[in-house]
Amino acid sequence: MSGIAIVMMALFILIIWGGFILAVINLTRHPDDTSGELADAPHAANEVLAAHEEQ
(Lines give C-alpha, C1' and ligand atoms only; values in the text may rest on other atoms or scores of the structure.)
Protein backbone atom coordinates (compact mmCIF):
# COMPACT_ATOMS: atom_id res chain seq x y z
CA MET A 1 0.00 0.00 0.00
CA SER A 2 1.10 3.51 -0.62
CA GLY A 3 1.71 6.03 2.12
CA ILE A 4 -1.43 7.98 1.27
CA ALA A 5 -3.55 4.83 1.52
CA ILE A 6 -2.12 4.02 4.96
CA VAL A 7 -2.74 7.57 6.20
CA MET A 8 -6.34 7.49 4.90
CA MET A 9 -6.92 4.07 6.49
CA ALA A 10 -5.58 5.28 9.85
CA LEU A 11 -7.66 8.46 9.63
CA PHE A 12 -10.90 6.65 8.95
CA ILE A 13 -10.20 4.00 11.61
CA LEU A 14 -9.80 6.86 14.11
CA ILE A 15 -13.02 8.50 12.88
CA ILE A 16 -15.04 5.26 13.12
CA TRP A 17 -13.67 4.18 16.53
CA GLY A 18 -13.84 7.75 17.82
CA GLY A 19 -17.51 7.94 16.89
CA PHE A 20 -18.14 4.61 18.59
CA ILE A 21 -16.41 5.76 21.78
CA LEU A 22 -18.33 9.05 21.77
CA ALA A 23 -21.61 7.17 21.30
CA VAL A 24 -20.83 4.90 24.27
CA ILE A 25 -19.92 7.89 26.44
CA ASN A 26 -23.12 9.68 25.39
CA LEU A 27 -25.25 6.62 26.22
CA THR A 28 -23.68 6.28 29.66
CA ARG A 29 -24.42 9.93 30.42
CA HIS A 30 -27.94 9.87 28.94
CA PRO A 31 -29.43 6.35 29.18
CA ASP A 32 -32.29 5.37 26.90
CA ASP A 33 -34.69 5.19 29.86
CA THR A 34 -34.56 8.95 30.38
CA SER A 35 -34.13 10.20 26.83
CA GLY A 36 -36.41 10.53 23.88
CA GLU A 37 -39.96 11.75 23.48
CA LEU A 38 -41.51 9.77 26.34
CA ALA A 39 -38.58 10.06 28.79
CA ASP A 40 -39.88 9.70 32.35
CA ALA A 41 -43.56 10.13 31.48
CA PRO A 42 -45.76 8.22 33.94
CA HIS A 43 -47.88 6.69 31.15
CA ALA A 44 -44.74 5.15 29.62
CA ALA A 45 -43.63 3.17 32.69
CA ASN A 46 -42.89 -0.53 32.23
CA GLU A 47 -45.78 -1.57 34.48
CA VAL A 48 -48.32 0.53 32.57
CA LEU A 49 -47.11 -0.70 29.19
CA ALA A 50 -47.11 -4.33 30.37
CA ALA A 51 -50.69 -3.93 31.61
CA HIS A 52 -51.72 -2.71 28.14
CA GLU A 53 -50.13 -5.77 26.50
CA GLU A 54 -52.15 -8.18 28.66
CA GLN A 55 -55.48 -6.74 27.53
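Residues numbered from 1 in each chain as written. Predicted model: local features only at pLDDT ≥ 70, side-chain atom pairs only at ≥ 80, totals over all residues. Heavy atoms only, no water.

*Asks:* Whenever I open this one, the overall build of the protein chain confuses me. Can you help?
*Replies:* For the protein chain, the helix and strand inventory stands at two helices and zero strands. Expressed as a percentage of the 55 residues in the protein chain, the buried residues total 4%. In the structure as shown, the protein chain presents an accessible area of about 5,100 Å², 68% of it carried by carbon and sulfur atoms. (Helix = DSSP H or I, 4+ residues; strand = E, 2+ residues; numbered from the N terminus. Buried < 20%, exposed > 50% of the residue type's maximum accessible area, 1.4 Å probe, protein only. Areas by Shrake-Rupley, 256 points an atom, 1.4 Å probe, with all protein chains shown as cover.)

*Asks:* Looking at this structure, how should I read the UniProt feature "transmembrane region" (unreviewed entry) in the protein chain?
*Replies:* Following the UniProt record, the feature "transmembrane region" (unreviewed entry) maps to residues 6–25 here. The span residues 6–25 is 100% helical and 0% strand by assignment, and the distance between its end C-alpha atoms comes to 28 Å. (UniProt positions renumbered as here; feature names shortened; annotations may be inferred.)

*Asks:* Please clarify how a nonpolar patch on the surface should be interpreted in this entry.
*Replies:* Together, Met 1, Ile 6, Met 9, Ile 13, Ile 16, Trp 17, Phe 20, Ile 21, Leu 22, Val 24 and Ile 25 make up a nonpolar patch on the protein surface, roughly 1,200 Å² of accessible area in all. Note that Met 1 resides in the segment before α1 (3–29). Judged by its relative accessible area of 76%, Met 1 falls in the exposed class. (Patch = residues over 30% accessible without salt bridge, like charges linked within 9 Å, V, L, I, M, F, W, Y side chains within 5 Å. Salt bridge = Lys/Arg side-chain N within 4 Å of Asp/Glu carboxyl O.)

*Asks:* Hey, could you run me through the packing of aromatic side chains in this one?
*Replies:* Working definition: an aromatic ring pair is given by the centre-to-centre distance plus the angle between the planes. Tallied over the entire structure, the rule returns one aromatic pair. Seen in terms of ring centroids, Trp 17 and Phe 20 are 5.7 Å apart; in terms of plane orientation they differ by 90 degrees. Their pairing is edge-to-face. A residue pair is termed a helical-turn pair when its members lie 3 or 4 positions apart in one helix, as Trp 17 and Phe 20 do in helix α1 at three residues. Assigned by exposure class, Trp 17 and Phe 20 land together as exposed. (Phe/Tyr/Trp six-rings, centres within 6.5 Å; stacked < 30°, edge-to-face > 60°.)

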